Amino acid sequence: MKNKRTVLVTGGCGFIGSNFVRLLLDDYPEWRVINLDKLTYAGNLRNLKGITEGENYRMVKADICDAEAIENLFIEEEIDTVVHFAAESHVDRSISGPAEFIQTNIIGTFTLLEAARKNWLAEGVDDSREKCFLHVSTDEVYGSLGETGFFTESTAFDPRSPYSASKASSDHLVSAYFHTYGLPVRITNCSNNYGPYQFPEKLIPLVFNNSMLGKELPVYGDGKNIRDWLYVEDHCEAIVEVLKKGENGKSYNIGGNNEKQNIEVVTLICDILDRKIGLLESGEPRSSLITFVKDRLGHDRRYAIDPTRIRDELGWEPKVTFESGIEKTLDWYLENQDWVKAIVDGSYQNYYQEMYGK
Ligand code: NAD
Ligand code: DAU
């Protein structure tokens with residue numbers, strides 16, 4: 001019998017998934033990580049630069065909707081744990097093209113659940129090793145808050161975008177597999193992440209990149225929508241705590257009590273970059289690039305997480321303040337401008353062919 005806990009990480013070449021894979025490989029050498037990723041536009045092998053395949057790590061290029069590939073992998077690798085990140089994640093893309101969100105986020109999650117059910121719950125299966133299916137979800141399933149209040153785990157779902165509706169559907173499916181079949185599942189609903197390796201379509205890296213190029217910084221609506229920001233490594237550590245100490249059938253809200261208006265975040269990035277690398281060539285501060293543009297359709301006004309459960313029951317608390325996290329993030333982007341450039345010019349999509357020759 002194998003002696004390592006085998007963790008299937010889906011979407012491990014994306015932003016949060018790659019930070020999570022690195023955390024497991026650095027801190028949990030007793031776990032073997034299988035990274036399954038389709039390498040969509042959001043997947044980037046360079047997010048895992050320096051990590052090589054071996055006893056503790058294997059990369060599999062596949063689609064989570066491909067039932068045969070997933071089931072074969074469950075059998076071949078004797079998967080004990082699934083940490084499911086793979087998704088279409090960008091709200092604006094879900095508004096302009098929802099179909100892929102329904103396919104990956106709902107059908108893909110269903111396909112993984114079925115593979116887990118068939119492999120973990122069938123008659124005669126060795127159940128001496130603990131199993132866990134952890135679904136990584138979002139606070140957006142709860143909809144939009146007014147000026148007061150917080151999302152708790154019992155807040156009713158009220159998703160407003162095709163993205164959040166697809167994530168809410170997948171949360172419901174995961175929960176249904178617990179109640180119906182007794183599949184050992186856990187769900188996490190996290191607020192907005194930021195940090196290294198975030199694709200430059202999301203607010204913080206987009207503002208970084210545009211401001212480096214002297215391009216306008218588009219702020220939707222009046223810029224007063226509020227997001228509750230969490231440094232990505234804190235999110236990854238919270239997921240490990242849920243894996244280690246969480247209870248099956250439960251969901252855990254993850255957030256850092258760090259609400260900011262979008263305009264505050266954009267202005268702060270401009271000010272930090274002005275300080276770190278000087279003003280624009282024109283002699284103007286970067287904030288002069290801020291441009292208020294047409295609002296996102298159905299733009300949720302405010303998100304705010306109540307993290308009491310994960311703090312009190314699992315002892316997790318974020319370690320990184322927004323002030324230090326944003327500095328670290330901008331330093332990382334300044335030091336890794338080649339990483340951004342390869343995305344902007346599209347060459348990052350050749351990395352798989354270059355590494356694996358197919
Ligand atoms: P991302 O878009 O950066 O990465 C998604 C990854 O999934 C990519 O590597 C992509 O190639 C892969 N993928 C997409 N479709 C696939 C498919 N059909 N089969 C296999 N792989 C596929 O996303 P992210 O921001 O890292 O988010 C990861 C997860 O965390 C998502 O489920 C998202 O809903 C959730 N989440 C994100 C945030 C956030 O702020 N980014 C906050 C809370 C929850
Ligand atoms: O809350 C968790 C969610 O956070 C995750 O589930 C999603 O996967 C993730 O993409 C993120 O969703 P948001 O829509 O909040 O993130 P985004 O970076 O797209 O936008 C953050 C805020 O900034 C939002 O209010 C919209 C606004 N915005 C965004 C962009 C890209 C702008 O004002 N201008 C922009 O150009």
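Relevant structure appears above.
About the criteria used
- Residues numbered from 1 in each chain as written.
- Chains lettered and ligands numbered in written order.
- Predicted model: local features only at pLDDT ≥ 70, side-chain atom pairs only at ≥ 80, totals over all residues.
- Heavy atoms only, no water.
- Near = heavy atom within 4 Å.
- Polar contact = N/O pair within 3.5 Å; in protein donor to acceptor, adjacent residues only side chain to side chain.
- Areas by Shrake-Rupley, 256 points an atom, 1.4 Å probe, with all protein chains shown as cover.
- Helix = DSSP H or I, 4+ residues; strand = E, 2+ residues; numbered from the N terminus.
- Nonpolar A, V, L, I, M, F, W, Y, C, P; charged D, E, K, R; others polar.
- Salt bridge = Lys/Arg side-chain N within 4 Å of Asp/Glu carboxyl O.
- Buried < 20%, exposed > 50% of the residue type's maximum accessible area, 1.4 Å probe, protein only.
- Disulfide = S-S within 2.5 Å.
- Phe/Tyr/Trp six-rings, centres within 6.5 Å; stacked < 30°, edge-to-face > 60°.
- Lys NZ or Arg CZ within 6 Å of the ring centre and 35° of its normal.

(A) Examining the site of ligand 1 more closely. Neighbouring ligand 1 are 28 residues; Ile16, Asp37, Ser89, Tyr163 and Lys167 lie closest to it. The contact in question runs from an oxygen atom of ligand 1 to an N or O atom on the backbone of Phe15, over 3.0 Å. The contact in question runs from an oxygen atom of ligand 1 to an N or O atom on the backbone of Asn193, over 2.9 Å. In the complex, 97% of the free accessible area of ligand 1, which totals 840 Å², lies under the protein chains. Sorting the residues of the shell around ligand 1 by element identifies α1 (15-27), β5 (132-138) and α5 (162-181) as the ones contributing at least two each. With three residues, β5 is the largest single contributor of residues to the shell around ligand 1. The residue makeup of the shell around ligand 1, split by class, is 13 nonpolar, eleven polar and four charged.

(B) The pattern of salt bridges, seen in detail. Considering all chains together, one arrives at 27 salt bridges under this definition. The residue Arg32 makes a salt bridge to Glu77 at a minimum N-O spacing of 3.0 Å. With a gap of 45 residues between them, Arg32 in strand β2 (residues 31-37) and Glu77 in helix α2 (residues 67-77) connect regions that are remote in the sequence. Summarising the burial analysis for this pair, Arg32 and Glu77 share the class buried. As a salt-bridge pair, Glu259 and Arg302 come within 2.7 Å of each other at their nearest N and O atoms. Residue Glu259 is found in strand β12 (residues 259-261), and its partner Arg302 is found in the loop between β13 (290-293) and α9 (308-314); the two are separated by 43 residues along the sequence. Residue Glu259 is classed as partly exposed on the basis of its relative accessible area of 30%.

(C) Just the state of the cysteines, in detail. Scanning all chains against the criterion turns up zero disulfides. With no disulfide of its own, Cys132 lies closest to Cys236 among cysteine sulfurs, the gap being 16 Å. What makes Cys132 buried here is its relative accessible area of 0%.

(D) Molecular detail of the packing of aromatic side chains. Here the structure, examined in full by the defined rule, presents 20 aromatic pairs. Cluster of aromatic residues (ring-pair linked, three or more members): Tyr197, Phe208, Trp332, Tyr333 and Trp339. Over the ring of Tyr352 we find Lys61; its NZ or CZ atom is 4.9 Å from the centre of that ring. Over the face of the ring belonging to Tyr181 we find Arg117, whose NZ or CZ atom lies 4.5 Å from the ring centre.

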